[in-house]
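Spelled out, the chains give:
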Amino acid sequence: MKIDTIAKASDKKTSQHYDFATRAIHSSYDPADEQGSLNPPIYMTSTFVGQSAEHVGDMFAGESDGHFYSRISNPTLDLLERRVADLEGAEASLATASGMGAISATLWSLVSPGDEIIVDMTLYGCTFAFMRHGLAKFGVKIKHVDMTQPHLLRAAFSQDTKIVYFETPANPNMRVIDIAAITQIAAEFDAISIVDNTYGSPYLCRPIEHGADLVIHSATKYMSGHGDVVGGLVSGTADTIQNIRLFGLKDMTGAAMSPMTAMLLMRGIKTLPLRMDRHCESAMQVAHWLDNQDQTSAIYYPGLTTSAFHHVAARQMSGFGGMIAFELNGGKPAALKFINALNLIHCAVSLGDAETLIQHPATMTHAAYSAEERVQFGISDDLIRISVGLESVSDIIADLSQAFDNINIAHK
Ligand SMILES: *Cc1c(COP(=O)(O)O)cnc(C)c1O
């Protein structure tokens, strides 16, 4: 089955080099292909009827184009995948049931026992657990390197290193990794570089333009943007994506996205540029405001010129995103008290939604790390993570302000 070679009249849409915001709405779809329907149909079907027994056999053998079973491909997902590939600047994309579905399908497809994956110090909690507790159980070696120092990566390579994997900005502590510097070193050693671009979104950052081989998303977050779906995406060369589709997705995880989810995701992506502009603008204001409070002891936001990551972020991103991490005087007890004192802002994991969400990584998203691992990898027990939403920023700041006023946190 050769999905990448299915030629449609709608391909003319991608060849016209429209701007990002236009492609986020139109890419790869022509209503004329679907009876004039402004929105693409949702192909709610598990299987596909072949023209003949030989035709279905040929599709299984990869000798004929077309869809034959929705765990492998589906026209609604195909459209989403073409659109995402266009936005990421990739040859092809694959949609999966979740971000973890994309990460696990990708890595199961690319590593064998004895191979080594070099990862940054900070990883999303379940990615950390999948690698350290999952892949490691099957003989894959995981080595952590501080990738904010590219020379340390060069020194860390071994003959077994197969993959270099990092998040930027990293969840939860907002470390920003120089994508061009790291992917160039990975290429010198013939390693595959994989970037988790969940925090940036392709609107703010396109890692493939900076040399990455594969880009992964939890589409649950900014890509969907409305907190109503769980989904994942991986983008890269057509060959690699096809390998991940036909092995990691089809056989190893079965983590297929539902056509309904694909439709909701495409609806979310239409407003990605608008939403990201607002997230960036509001987060910048919230970060400055937090920075000026006597009760905060540290703010991690690359948009602040005082951030150690400001310059590298400005170089590879067109905005600094909507995520902020910060610490309060009084550590973890103060952090939990503060979260409980908020009214408008909800305590919830996930991010990138219209609603401002706040959470405590050490006990929530990063609870898969042991206490010692959190110390080793710089995820402090004091850290609070906030996903700045699309509400009026004055209401967001007013809620943070009343929480500071209503609990007794030590001043600087
Ligand atoms: C949420 C998240 C994931 C996992 O995605 P799911 O859709 O929850 O499976 C992976 N990476 C990052 C950076 C995330 O924030």
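Everything numeric here is computed off the predicted structure, so don't read it as measured data. (Residues numbered from 1 in each chain as written. Predicted model: local features only at pLDDT ≥ 70, side-chain atom pairs only at ≥ 80, totals over all residues. Heavy atoms only, no water.)

What follows is about the overall build of the chain. Counting secondary structure elements, the chain contains 16 helices and 12 strands. Expected size for 412 residues packed as a compact globule is a radius of gyration near 22 Å; at 22 Å, the chain falls within 12% of this value. Along the first, second and third principal axes, the C-alpha set of the chain runs to 75 × 50 × 35 Å. Counting only residues that meet the buried cut, the chain has 57% of its 412 residues in that class. Taking contacts inside the chain between residues at least 6 apart in sequence as the whole, the part at least 24 apart equals 73%. (Helix = DSSP H or I, 4+ residues; strand = E, 2+ residues; numbered from the N terminus. Rg over C-alpha atoms; globule rule 2.2 N^0.38 Å. Buried < 20%, exposed > 50% of the residue type's maximum accessible area, 1.4 Å probe, protein only. Contact = heavy atoms within 4.5 Å.)

We now examine the site of the ligand. Around the ligand sit 14 residues in total, of which Met 100, Asp 196, Ser 218, Thr 220 and Lys 221 are the nearest. Within the contact set of the ligand, an oxygen atom lies 3.0 Å away from a side-chain nitrogen or oxygen of Asn 171. The separation between a nitrogen atom of the ligand and a polar side-chain atom of Asp 196 is 2.7 Å. The element contributing the most residues to the shell around the ligand is helix H5 (residues 99–110), with 3 residues. (Near = heavy atom within 4 Å. Polar contact = N/O pair within 3.5 Å; in protein donor to acceptor, adjacent residues only side chain to side chain.)

It is worth spelling out unusual backbone geometry at this point. Across the junction of Thr 168 and Pro 169, the peptide omega takes the value -20°, indicating a cis bond. Here Pro 169 lies in the loop between strand E4 (161–167) and helix H8 (179–188). Going from Asn 171 to Pro 172, the amide bond is cis rather than trans, its omega being 10°. Topologically, Pro 172 is positioned in the loop between E4 and H8. Even without being a glycine, Met 174 presents a positive backbone phi close to 65°. One non-glycine residue, Ser 350, lies in positive phi territory at about 75°. Mapped onto the secondary structure, Ser 350 falls in the loop between strand E10 (346–347) and strand E11 (357–359).

Here we come to the domain arrangement of the chain. Taken domain by domain, the chain consists of domain 1 (20–267) and domain 2 (272–405). Each of domain 1 and domain 2 has a C-alpha centre, and these two points are 26 Å apart. Carbon and sulfur atoms supply 64% of the area that domain 1 and domain 2 bury against each other, a total of about 3,300 Å² over both sides. Of all residues in domain 1, Met 174, Leu 204 and Tyr 222 bury the most surface against domain 2, accounting for 23% of the area lost on that side. We note a salt bridge from Arg 315 to Asp 178, for which the minimum N-O separation is 2.8 Å. Our enumeration of links across domain 1 and domain 2 arrives at 16 residue pairs in polar contact (both at pLDDT 80 or more). Looking at the side of domain 1 that touches domain 2, the elements that each hand over two or more residues are helix H2 (20–26), helix H6 (125–134) and helix H9 (201–204). Of the residues forming the side of domain 1 that touches domain 2, the biggest block, 5 residues, is contributed by H6. The class makeup of the residues in the side of domain 1 that touches domain 2 is 21 nonpolar, 16 polar and 4 charged. (Domains from an automatic or database assignment. Buried area = accessible area lost by both parts, 1.4 Å probe. Salt bridge = Lys/Arg side-chain N within 4 Å of Asp/Glu carboxyl O. Nonpolar A, V, L, I, M, F, W, Y, C, P; charged D, E, K, R; others polar.)

Now for the packing of aromatic side chains. Under the definition given, this model contains 11 aromatic pairs. Summarising the aromatic geometry, the rings of Phe 326 and Phe 338 are spaced 6.1 Å apart at their centres and angled 85° between planes, so their arrangement reads as edge-to-face. Here Phe 338 lies in helix H14 (residues 331–340) and Phe 326 lies in strand E9 (residues 323–328), a separation of 12 residues in the sequence. Like Phe 338, Phe 326 is buried. (Phe/Tyr/Trp six-rings, centres within 6.5 Å; stacked < 30°, edge-to-face > 60°.)

Take the nonpolar core next. With 82 residues, the main nonpolar core has Leu 80, Ile 324, Phe 326 and Phe 338 as its most contacted residues. Broken down by element, the residue count for this core peaks at 8 residues, all from helix H12 (residues 272–291). There are two domains that each give this core at least three residues, and those are domain 1 (20–267) and domain 2 (272–405). (Core = buried A, V, L, I, M, F, W, Y, C linked by side-chain atoms within 4.5 Å.)

A cluster of nonpolar side chains, namely Ile 42, Met 44 and Met 260, defines an oily patch on the protein surface of about 280 Å² accessible area. Along the chain, Met 260 turns up in helix H11 (residues 259–270). Classification of Met 260 by relative accessible area gives partly exposed; the value is 38%. (Patch = residues over 30% accessible without salt bridge, like charges linked within 9 Å, V, L, I, M, F, W, Y side chains within 5 Å. Areas by Shrake-Rupley, 256 points an atom, 1.4 Å probe, with all protein chains shown as cover.)

Burial analysis of strand E7 (residues 232–236) places 5 of its 5 residues in the buried class, the great majority of the element. Of the two faces of E7, both are covered, the one formed by Gly 232, Val 234 and Gly 236 as well as the one formed by Leu 233 and Ser 235. Bridge analysis of strand E1 (residues 92–96) against E7 gives 5 bridges, and the strand direction is antiparallel. From the neighbouring strand, Ser 93 faces E7, where its bridge partner is Ser 235. (Pairing = 2+ DSSP bridges.)

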